[in-house]
Amino acid sequence: MTNYLLHILIVCEIIIPFALGLQLEIGETGLYNFGHVAFFGISAYASALLTTHGIPFMGALFASLALAGLFAWGVGYPILRLRGDYFGLAMLGFAEIMRKIFLNESWLTRGPMGIPGIPRPSFFGVPIHTLPRFAIFYGLFVIAAAFAVYHVTRSPLGRVFHAIRDDEYSASAVGKDTFRFRRTSLLMGTLLAALGGVFWAHYITFISPSDFTLNETILALLIVVIGGRWGMAGTILATFFVIGFQEGLRFLPLPESFGRLIAPMQQMFFGLVLVLIVLKREKSWFHKGDRLAQG
Amino acid sequence: MSLFLQSLLDGLIAGSIYALFAVGLTLIYGTLHFINFAHGELIMAGAYFAYLFMMPPLHLSPFISGGCAIVGVVCLALLMDRSVFSPLRNANSLLLLIASLGISLFFQNLAQVIWGAEIRTFPFPLERGISLGPVVITPVQAWILIIAAGAIFLLYLFLKFTRAGKAIRSVSDNPRLAKTFGVETERVIRFVWIVAASLAAVGGVLYAADTNLEPHMGTINLVRAFAAVLLGGVGNVWGALIGGIVIGLSENLGVLILPIGYKDAIAFCVIILLLLFRPEGILGVRWGVR
Amino acid sequence: MKKIIVFVAIVVSAVLFLAQAGMSSGTIKIGAVQPLSGNLAVYGQGFKMAIDLAVDEINANGGIKGKKLEVIYEDGKGTAKDSVAAVRKLIDVDKVPVILGPAASTNFLAVAPICERAHVVLIGAESASPAITKAGDYIFRVFPSDKLQGKGVADLVIKLGYKKVPVLYINNDWGKGLKDEFVKNFTKKGGKILSEIPYDQGKTDYRAQLLKIKQLHPKAAVALVYVKDGAVIFKQAYELGIQTQWITGSAAKSGKLIKLAGKAVEGLIGTYPNFSTTSPQYKHFVALWKKKYGDKKIGIFAEYNYDMVHLVAKAIAKGGTTPDGIRKALYEVSKGYKGVTGDKTFDANGDVGSAYGVWMVKDGKIVTRK
């Protein structure tokens, strides 16, 4: 049982950077990135491929982050020129195209078969192979990432992000190169997502294209929508809440015939929560006058 | 050569179905100004409602089942609007997008709870296609072309000659102006939902007849429809129609060059390219019908 | 004094007796990951029935050294991701020493490294990919590798007199592994592959692939498919007017295929791992099945699942309930073991051998063909 709680903790530690990245983009800068999962996937694949070909974990980690960042930089250049929902949809398209590449370029990714047997990480010779070690190792990274995000949001950079979120035109009117700041935000969000992706690959030890669908982006979106209002702490708490709910369902003593209904019913519930929160917060949420806007 | 002609025909058939999806989506976008992610689920619902009526115990004929499916989907769309979109009338389009994403997730999985994740098929008899020279068309596909063309013709008559149709066009053109001229916006919005849902239902049934049914069939069709909307220019009904056919053709002809696995990515590529280079659409004039 | 001794003796023996009773009322738990929902659920329910059949038989005959055998089922949903999660739960929470592996080679291969690393025995009854042979020391299967079946399909195509065929295959470990073995053997025998066309599982439309085949006008075409996508493929091929002799493997050999695709699969020919249906073991199995499930049709690969559970039970009886004990014992108890599906002797890689037969669809029924 302790093991299973540890498992849930570790999954949370994987999802927290992923969700924090989206929070930075949506909550702080107003970039509705519906293709967030693409970067999670790119780094997961990169790290899986590098380590299965003998590159040590830490090297693969940094190479994968760099690669995801490079993709964000390249894709951001054209797509960041789009606003609002168009930006979101174009990123969604990008994510789906990436997934098709994972699926079809079998010579590289093994296609739908996925990559099994991804090695466990090791940290300068210390193997990370037990659940407590995973929890501590990933936990340290998560704390560092959260610390970084906290500082960014309180920094002058963070205030520019908020200004862009609240009113891009006035932000550019006071002489801010909004494109560059939006790109910085996308890049930071991407690096966080990429960290989660690497964690995912090396913890689960198996990845396949079906792990990187719109559903994962929706999961992060749900977390941000639930917790984003209270900033970073809210996002982290919301992650524990959502993941705990999701993983905990396995433990309910449900009859077997009911088993196949769990996953879709859980997704139905998530959908409902998204709708209800939007309905409830219609006035105050992610607009001017949000608590964060003054921060 | 026969492969090319066959792909052309298949593209046309698929495209005529996508056109029905795209018109509904563009009407919603034109009047309510948000991308309705749940449009895909209206399509899916149309197919499953028809399936429900065609299978035992009801065993109705395909045409009656299709009619029932239209009624069902219209009710569903009005319910969505009343419960979610109507309270959000003046909200940011991104909030509406997220809400519709939530609705989409909800209904997609509801369908999976009810019907399971596996592929299902309409109980049509299995028939050899009819050879027309180098190409083959199945009787079902022939029906699809006829029905899709009929639906488009009815839409044309509706928009061109009825009061409601004209009102829809004026609201989509300029909601504030239309209001000052005494057009009742809420009524028009209801009409738009009815038209969009009917077209989604018809298209969904046709799509399922041409291929098969599965709970997630809505999402990819939403993407195709959205690509068609962008091709035609947002809010442009006839642009969306032509856009749908172009998407159908480019998917089916595209796989002659690209690996087959990338077929579903073609619509996404079209979306990205259009957004980058011609966000106003290719087909110029807003609102073809004047 | 005597009284005290008697008293102590009674207490001690009572305690011992109770402990014994307590232990024998205890159960030996093993895990099973099967696709109880999702795309492969058609198969999963059948596997479960076969496993339950064997478990009931073992428990009715006194269990394993007096303890009852119990199977903890987890739903792998037919996907690698969910199979991995299910195996993790079985290892971490239930701490089972043996897992009856998930169906479909892709899923089996995804969980194999986890079991290998956790030193938990993984045994499969329906995964055929050649890659499984080298998956690890703790990995076994009672189903023959496709190395054998790939050769079987190639022999069949040659025997039927076809020299040039396209091959359509499902893009996963099973399909690719079988396709590679088929192509290797077929070209070695002088055959020519016209085209290799992969397809993805679970799609609603395969006409793009079929048009490519139609274009080639082949006399025969090899389609390495499962039941559900096979049904869609053969139906759409029929509608497109493709007239060719379809040849397939064992995974589509199911009455469900005929129910779904009807006359579109009439004349379909395939190979399948063969075993004697006249052996006493087989007759015993059929009688047992009839008794428990009545007239319900025996599911695909049910015989393999049944053999698998019996082998595992024997191994537990011999090697104890530790994974290492079971692993060692599996080699020993399988030596010369004649199950329903024939000789189940594991080689050093945990693989078994098999004979192959030919089946075809005739008048809407599956018949064996000489």
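Structure: see above.
As a starting point, this report considers the structure included with it.

## Examining the overall build of chain B
The number of helices and strands found in chain B is 11 helices and 2 strands. Taken from N to C terminus, the helices and strands of chain B fall in the order α-α-α-α-β-β-α-α-α-α-α-α-α. Taken against the 2.2 N^0.38 rule, which gives 19 Å for 290 residues, the C-alpha radius of gyration of chain B at 18 Å falls within 12% of a compact globule. Here the C-alpha coordinates of chain B stretch approximately 60 × 45 × 35 Å along the principal axes. Buried positions account for 60% of the 290 residues belonging to chain B. In chain B, 77% of the contacts between residues at least 6 apart in sequence involve partners at least 24 apart. When the accessible surface of chain B is totalled, it reaches about 11,000 Å², and 70% of it is carbon and sulfur. Across chain B, the 17 positively charged side chains and the 13 negatively charged ones have centroids separated by 12 Å.

## Observations regarding the environment of His-7 of chain A
Residues and elements named next belong to chain A. By secondary structure assignment, the location of His-7 is in helix α1 (residues 2-28). Judged by relative accessible area, which is 7%, His-7 ranks as buried. It is 9.7 Å that separates the C-alpha atoms of His-7 and Tyr-203, two residues lying 196 residues apart in sequence. Beyond its immediate chain neighbours, meaning those up to four positions away, His-7 contacts Tyr-203 and Glu-247. A polar side-chain atom of His-7 sits 2.7 Å from a polar atom in the side chain of Tyr-203.

## Things to note about the interface of chain C and chain A
Each partner contributes to the interface: chain C provides 30 residues, whereas chain A provides 25 residues. Of the roughly 2,200 Å² buried between chain C and chain A on both sides combined, carbon and sulfur atoms contribute 55%. Interface area lost by chain C to chain A is led by Lys-81, Arg-88 and Arg-117 of chain C, which between them contribute 25%. For the pair chain C and chain A, the interface holds 1 salt bridge. For the salt bridge of Arg-110 of chain A with Asp-173 of chain C, the shortest nitrogen-to-oxygen distance reads 3.3 Å. There are 2 residue pairs in polar contact (both at pLDDT 80 or more) connecting chain C and chain A. At the level of secondary structure, the elements contributing two or more residues to the side of chain C that touches chain A comprise β2 (68-75), α3 (80-94), α4 (105-118) and α6 (173-188) of chain C. The element best represented in the side of chain C that touches chain A is α3 of chain C, accounting for 10 residues. Its residues assigned to classes, the side of chain C that touches chain A shows 11 nonpolar, 4 polar and 15 charged.

## So, the packing of helix α3 (residues 57-79) of chain A against helix α4 (residues 84-104) of chain A
All names here are of chain A. Axis separation between α3 and α4 bottoms out at 11 Å; the angle between their running directions is 140°. Regarding the angle of α3 to α4, the classification is oblique. In the packing of α3 onto α4, the handedness of the crossing is right-handed. Two secondary-structure elements touch here, α3 through Phe-71, Val-75 and Ile-79 and α4 through Phe-87, Ala-90, Met-91, Phe-94 and Met-98. Counted by class, the contact of α3 with α4 contains 8 nonpolar, no polar and no charged residues.

## Focus on the interface of chain B and chain A
Chain B puts 37 residues into the contact, and the matching count from chain A is 40 residues. Approximately 3,700 Å² of surface area, both sides summed, lies buried where chain B meets chain A, with 80% of it carried by carbon and sulfur atoms. The largest share of the area that chain B buries against chain A comes from Ile-98, Leu-105 and Tyr-262 of chain B, three residues that together contribute 17% of it. Viewed at the interface, chain A and chain B are joined by 1 salt bridge.

## What about the pairing of strand β13 (residues 355-362) of chain C?
All names here are of chain C. Here strand β10 (residues 269-274) pairs with β13 via 6 bridges, running antiparallel. Opposite Gly-270, over in β13, you have Trp-359 as the bridge partner. Bridge count between β13 and strand β14 (residues 365-369): 5 bridges; the pairing is antiparallel. Pairing of Trp-359 across the sheet is with Thr-368, part of β14.

Definitions and cut-offs
- Residues numbered from 1 in each chain as written.
- Chains lettered and ligands numbered in written order.
- Predicted model: local features only at pLDDT ≥ 70, side-chain atom pairs only at ≥ 80, totals over all residues.
- Heavy atoms only, no water.
- Helix = DSSP H or I, 4+ residues; strand = E, 2+ residues; numbered from the N terminus.
- Rg over C-alpha atoms; globule rule 2.2 N^0.38 Å.
- Buried < 20%, exposed > 50% of the residue type's maximum accessible area, 1.4 Å probe, protein only.
- Contact = heavy atoms within 4.5 Å.
- Areas by Shrake-Rupley, 256 points an atom, 1.4 Å probe, with all protein chains shown as cover.
- Lys, Arg positive; Asp, Glu negative; His and termini not counted.
- Charge placed at Lys NZ, Arg CZ, Asp CG, Glu CD.
- Polar contact = N/O pair within 3.5 Å; in protein donor to acceptor, adjacent residues only side chain to side chain.
- Buried area = accessible area lost by both parts, 1.4 Å probe.
- Salt bridge = Lys/Arg side-chain N within 4 Å of Asp/Glu carboxyl O.
- Nonpolar A, V, L, I, M, F, W, Y, C, P; charged D, E, K, R; others polar.
- Axes fitted to C-alpha atoms, helices over the stretch in contact; angles between N-to-C directions.
- Parallel < 35°, antiparallel > 145°, perpendicular 65-115°, else oblique.
- Left-handed = near helix turned anticlockwise from the far one by under 90°.
- Pairing = 2+ DSSP bridges.

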